[in-house]
Amino acid sequence: MKQFNLNFWNIFTSFIALTFSVPIILVFLSLFFGFNDNFDHIVNVVLLEYSLNSLLLVVGVSLIVLFIGVISALLVTTFRFTGSKILEWALILPLAIPPYLLAYVMTEMFEYSGSANSIFRSLNLISEDAALPTIRSLSGAIIVFGIALYPYVYLITRVALMNISKPILESARVLGSNNFKSFTKIVLPLIRPAIFAGLALVCMETLSDFGAVQHFAIPTFTTGIFRTWLGMYDLITAMQLASILLLVICLMIFLERKQRANAEYSLSNDSREDSDLIQLKGIKNFLASFFCLVPVLAGFIIPLFEIISWSVEITNIFSIKFIYASLNTMLLAITAGIITTMLAILFNFNLRISKSKHSKLINDFISMGYGVPGLILAIGITQCLTYFDLILSDIGIIVTGSLFGLIFAYVIKSYALTNNVLESNYKQFSTSIDESARILGASKFTLLGNIHIPLLKTGIFTSVLLVVSEVVKELPATLILRPFNFDTLAVTVYTYASEERIYEAAFPALFIILIGLIPIYFISNMIRSSKGLN
Amino acid sequence: MIYTTMKSLKFLIKILFFSLIVVGCSPVEEVNVYTSRHYDVDDILYAEFTKKTGIKVNIISGSGGALMERLKAEGQNSPGDVFFTVDAGNLANFQKAGFLQPIESENIKNIIPVELRGPNNEWVAIAKRARVIFYNPKSVTEDEIKNISYEDLSSETWKGRIVVRSSSNMYNQSLVASLISNLGIKDTEIWANEFVNNFARTPQGNDRSQLMAVANGLADIAIANTYYVGIMLAGKGGEEQRKAAQKLKIAFPNQDNRGTHVNISGGGILKYSPNKKNAEMFLEFLLSEEAQTHIVNNSFEYPVINTIAPHPIIAKFGDFKMDKTSVADFGTYNPEAVKLMDRAGWK
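Residues numbered from 1 in each chain as written. Chains lettered and ligands numbered in written order. Predicted model: local features only at pLDDT ≥ 70, side-chain atom pairs only at ≥ 80, totals over all residues. Heavy atoms only, no water.

**A short note on the overall build of chain B**
Of regular secondary structure, chain B possesses 15 helices and 9 strands. Its C-alpha atoms give chain B a radius of gyration of 23 Å, near enough to 20 Å, the size a compact globule of 347 residues would have. Considering only C-alpha atoms, chain B reaches an extent of 85 × 50 × 40 Å along its principal axes. Taking the contacts inside chain B whose residues are at least 6 apart along the sequence as the reference set, 78% of them involve residues at least 24 apart. Carbon and sulfur atoms make up 54% of the accessible area of chain B, which totals about 13,800 Å². Distance between charge centres in chain B, computed from 38 positive and 38 negative side chains, equals 5 Å. (Helix = DSSP H or I, 4+ residues; strand = E, 2+ residues; numbered from the N terminus. Rg over C-alpha atoms; globule rule 2.2 N^0.38 Å. Contact = heavy atoms within 4.5 Å. Areas by Shrake-Rupley, 256 points an atom, 1.4 Å probe, with all protein chains shown as cover. Lys, Arg positive; Asp, Glu negative; His and termini not counted. Charge placed at Lys NZ, Arg CZ, Asp CG, Glu CD.)

Written out as structure tokens, the structure is:
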């Protein structure tokens, strides 16, 4: 029996890993097809600009998400201040608005006669024919991504902070550490893996985004990829560019891993309770509230009101089309969430048990899927599925253009999310638990089912929900892989936006936000109840 | 043990597949349309076609390049019947890659002029849009705008006065491709270098935001497609856009020589179309008076048959001479156009 288990885990994970690597490998294969004139043109004329803009974007966004995400997570887990109970979960809300949607909204607001300018004019903050700087610039994009993506850092950091055990902090205090010292010496090293996990997600999301940078017309790597593909009609060169981008993402994953390797473990069986929170007073209280409120306002409340104001402008309200699009979106998102999380559990479990370098490498490799621009990933998948159809043609299965391909794409695209969450969750309980269980005769299945899964509960829920919110927002891969007559909400919004009828996108956009709120509701509930249980 | 596990695994996988696959093999008559034109108003048109003929219209939309990759991957097994797109370059490109087959319908050949069809009738135009100049009459004199051509926009006079969207936009790519076709690469590049120097701001936003910029006095002239101003004037973008559009005037470039650059929405029948007859009926329907009336009144494009007039808002702009540069050239020169705009620093 034991012999079989070993085989099952290794064979199964390797098989799945291989399947999911194929589309990514196909992108890399382009590097061996030779470089043509178009590639020379790109290297000589635009590559420097693409690289510089992408770099500035990533650095700028990183600074913003670290600043907002880490500080707000620290504030709500350490102190009590006006509105802190609400802000604690409200800080996740911007996760419901994808960067491209926020970009559309901000653009409208900062248009010459947009609502931001109108408000500033009516308050006499700027003169009647003056206008605020336009948001369509590199710095505008940095702000948009920063506001849209900081919840990744906030969320993961906060979960890590809550899992730091009380005794550790108390001993520090007993030993005479002040707050700052216990933060830099004890807390920071403990939450560092979480911060970097969140940051890595943000960077990958920023680098592979297309919708927002295209809308702002900023020449970055992704705009370059699509320009080469759709303008120069040259897919190979586009894939070669994508490979360069992927190599950068590899490097980022590697760096993040290195950070994590130095991480220390702590036992999380005794979280802090509300009564431990320090009550802030006076100006400190105000500043803490203000600091946490601004990102919520900018990333959620104001955009929401802006979209609602669009819906007033249009006459044809919503149709059966939106209901179908919402149902489709939900179905896809939940299916992909469950499948991806199951895979991440199996992989991380296998990694933990076997500790094989080989499986770790594979795991890191599939995590790169997150950074693959959706359209390029979709091409890889279409090619895979066609071969698959040829093999299966005797039983008449056609997977090309089916939901299968779409879910395949979502799993690859969001694997890194689930992996990061589960991996850092796994880090937080010691492997000695496994050893004790195995000594007491538990099989691997028992160990996984009865011991790990209950311990990973927080991580599992977080990861399913992160995938759901990712899928609801996913656009480029959905556009190419979806079956006939199958629209999702993101596709509907994109369609209106590209037809320059953004006001009519109001309802599908609100639906995206609404569906995005469901996982957020559960995440905050779950975090709260895990606090209550302890 | 391993054997039974594998067997049950196989079974599971099969169930998974069947449950995920959308059943596409129904006995009803249908036509599968691959489209990169996804206007809401077209859905009404398709529904009308189904009502008339009983043929169900299945839609898959995406960018031209994405659809091409999908078709390539599907090969002979492709369920696609019709390809429908908003950019002539794309059409020409599809035709060159051998994805389309000649349209046989005599009816289509009779009503559509030859320049609005592929060289061997591989595709046919469904609607036209002109890429024109909109200007603010308060800041642009009659003298300046009179008999203007695209070529004139590189002149010193327009320094810091022009807004246009990014060069990633296919309408700009087609426009520059048409210039390459008429002037040659060298002269077009000289033109583009000067033209870019005349920009009032770094290209940003869509056609409509260029029009808004001119209406709000941020620039004097904008290059944009005709139907955008139609949508704005009709109030479909809100009251504020309607007011802004009323401040603008239109100028059709190159009326003295080859005419104004026109791009088309068009369609063709895919090479491996399993429902060829339905595909031809579908195209014929799109060219019928009824469908053309629907298109001009809802998307504000120009019709391709002469028995139908454009929407009154568009008709008010008056008649103009249309550039008859071969649409196939747009496809041929599109890659060159992109690289040329890169070199000229047109963001």
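**Focus on the pairing of strand β3 (residues 82-85) of chain B**
Residues and elements named next belong to chain B. In β3, alternate side chains face the same way, and those of Val-82 and Phe-84 on one face and Phe-83 and Thr-85 on the other are all buried. Here β3 pairs with strand β9 (residues 262-270) via 4 bridges, running antiparallel. Opposite Val-82, over in β9, you have Ile-269 as the bridge partner. (Buried < 20%, exposed > 50% of the residue type's maximum accessible area, 1.4 Å probe, protein only. Pairing = 2+ DSSP bridges.)

**Some details on the confidence of the model for chain B**
Summing up the model confidence of chain B, the mean pLDDT is 87 and the portion of residues at 70 or higher is 92%. Here the predicted complex carries an ipTM of 0.78, next to a pTM of 0.81. (pLDDT = per-residue confidence, 0-100.)

**Quick look at the interface of chain A and chain B**
Each side of the interface is counted separately: chain A has 57 residues, and chain B has 65 residues. The tally of links from chain A across to chain B stands at 2 salt bridges. For B:Asp342, the salt bridge is made with A:Arg227, and the minimal N-O distance between the two is 2.9 Å. At the junction of chain A and chain B, the tally comes to 7 residue pairs in polar contact (both at pLDDT 80 or more). Taken together, the elements giving at least two residues each to the side of chain A that touches chain B come down to α2 (37-78), α10 (221-231), α15 (374-392), α16 (403-427), α20 (476-481) and α21 (489-498) of chain A. Of the residues contributing to the side of chain A that touches chain B, the split by class is 30 nonpolar, 15 polar and 12 charged. (Salt bridge = Lys/Arg side-chain N within 4 Å of Asp/Glu carboxyl O. Polar contact = N/O pair within 3.5 Å; in protein donor to acceptor, adjacent residues only side chain to side chain. Nonpolar A, V, L, I, M, F, W, Y, C, P; charged D, E, K, R; others polar.)

**Quick notes on the packing of helix α13 (residues 320-354) of chain A against helix α14 (residues 357-367) of chain A**
Residue and element names in this part refer to chain A. Here α13 crosses α14 at 155°, and the two axes come no closer than 10 Å. One way to sum up the angle between α13 and α14 is to call them roughly antiparallel. Crossing handedness for the pair α13 and α14: left-handed. Of the residues in α14, those in contact with Phe-347, Asn-348, Asn-350, Leu-351 and Ser-354 of α13 are Ser-359, Lys-360, Asn-363 and Ile-366. (Axes fitted to C-alpha atoms, helices over the stretch in contact; angles between N-to-C directions. Parallel < 35°, antiparallel > 145°, perpendicular 65-115°, else oblique. Left-handed = near helix turned anticlockwise from the far one by under 90°.)

**Things to note about the side chain of B:Gln292**
Residue and element names in this part refer to chain B. Mapping Gln-292 onto the fold places it in helix α13 (residues 289-299). Looking at Gln-292, its side chain comes within polar contact range of the main-chain oxygen of Ile-126, at 2.9 Å. Of the polar contacts made by the side chain of Gln-292, one reaches the backbone oxygen of Leu-286; its length is 3.0 Å. Apart from residues lying up to four places away in sequence, Gln-292 is in contact with Ile-126, Leu-286, Leu-287, Pro-303, Val-304, Ile-305 and Ile-308.

**Here's the deal with the pairing of β9(B)**
Two faces, one strand: in a regular strand the side chains alternate between the faces of the sheet. Residue and element names in this part refer to chain B. Here β9 lies mainly inside the structure; 9 of its 9 residues are buried. Relative to β9, strand β4 (residues 100-101) runs antiparallel, the two being bridged by 2 bridges. The partner of Leu-100 across the bridge, within β9, is Leu-270. As paired strands, strand β5 (residues 123-135) and β9 are joined by 7 bridges and run antiparallel to one another. Its bridge partner being in β9, Ala-130 is matched across the sheet by Val-262.

**Description of helix α8 (residues 185-197) of chain B**
Since the α-helix turns once every 3.6 residues, residues separated by three or four places project in the same direction. Residue and element names in this part refer to chain B. Between the first and last C-alpha of α8 there are 18 Å, a value that for 13 residues agrees with the 18 Å anticipated at 1.5 Å per step. Taken together, the buried positions of α8 are Thr-188, Glu-189, Trp-191, Ala-192, Phe-195 and Val-196. Considered in projection along α8, the buried side chains sweep an arc of 165° and stay on one side of the axis. In this structure, the buried residues of α8 make contact with β6 (162-163), α7 (170-183), β7 (221-225) and α15 (327-344). (Expected span 1.5 Å × (residues − 1). Arc of directions from axis to C-beta.)

**Quick look at the packing of aromatic side chains**
The tally for this structure, following the rule as stated, stands at 20 aromatic pairs over all chains. A centroid spacing of 6.0 Å and a plane angle of 65° characterise the contact between A:Tyr100 and A:Tyr104, whose relative ring orientation is edge-to-face. Linking A:Tyr100 with A:Tyr104, this pair stays in helix α4 (residues 99-110), spanning 4 residues, or about one helical turn. Across the pair, exposure class does not vary: A:Tyr100 and A:Tyr104 are buried alike. For the pair B:Phe83 and B:Phe94, a centre-to-centre distance of 3.7 Å together with 10° between the ring planes defines the contact as stacked. With B:Phe83 in strand β3 and B:Phe94 in helix α4 (residues 88-96), this pair connects stretches of sequence that are 11 residues apart. Among the residues examined, B:Phe83 registers a relative accessible area of 0% and is labelled buried. Connected via pairs of aromatic rings, a cluster forms that spans B:Tyr46, B:Phe49, B:Phe282 and B:Phe285. (Phe/Tyr/Trp six-rings, centres within 6.5 Å; stacked < 30°, edge-to-face > 60°.)

**Examining a nonpolar patch on the surface**
Residues and elements named next belong to chain A. Residues Met-330, Ile-334, Ile-338, Met-342, Ile-518, Tyr-521 and Phe-522 make up a contiguous nonpolar surface patch of roughly 670 Å² in combined accessible area. Residue assignment for the nonpolar patch shows that the elements contributing at least two residues are α13 and α22 (506-533). The dominant element in the nonpolar patch, judged by the number of residues it contributes, is α13, at 4 residues. If you trace the backbone, Ile-518 turns up in helix α22. (Patch = residues over 30% accessible without salt bridge, like charges linked within 9 Å, V, L, I, M, F, W, Y side chains within 5 Å.)

**Structural notes on the pattern of salt bridges**
Residues and elements named next belong to chain B. Tallying each qualifying case throughout the model produces 21 salt bridges over all chains. The residue Glu-104 makes a salt bridge to Lys-276 at a minimum N-O spacing of 3.1 Å. You can see Glu-104 sitting in the loop between β4 and α5 (106-111) and its partner Lys-276 sitting in helix α12 (residues 276-286), a full 172 residues away along the chain. Accessibility expressed as a relative area gives 51% for Glu-104, which makes it exposed. Classification of Lys-276 as partly exposed rests on a relative accessible area of 24%. The partner of Glu-115 in a salt bridge is Lys-324, with the nearest N and O atoms 3.7 Å apart. With Glu-115 in the loop between α5 and β5 and Lys-324 in the loop between α14 (312-315) and α15, this residue pair connects regions lying 209 residues apart in the sequence. Salt bridges here are not isolated pairs; linked through shared partners, they connect Arg-37, Asp-42, Arg-129 and Glu-301.

**Focus: the environment of B:Ala344**
Residues and elements named next belong to chain B. By secondary structure assignment, the location of Ala-344 is in helix α15. Using a relative accessible area of 11% as the deciding quantity, one classes Ala-344 as buried. Linking Ala-344 and Glu-194, residues 150 residues apart in sequence, is a C-alpha distance of 8.6 Å. When neighbours within four sequence positions are excluded, Ala-344 is seen to be in contact with Ala-192, Asn-193 and Val-196.

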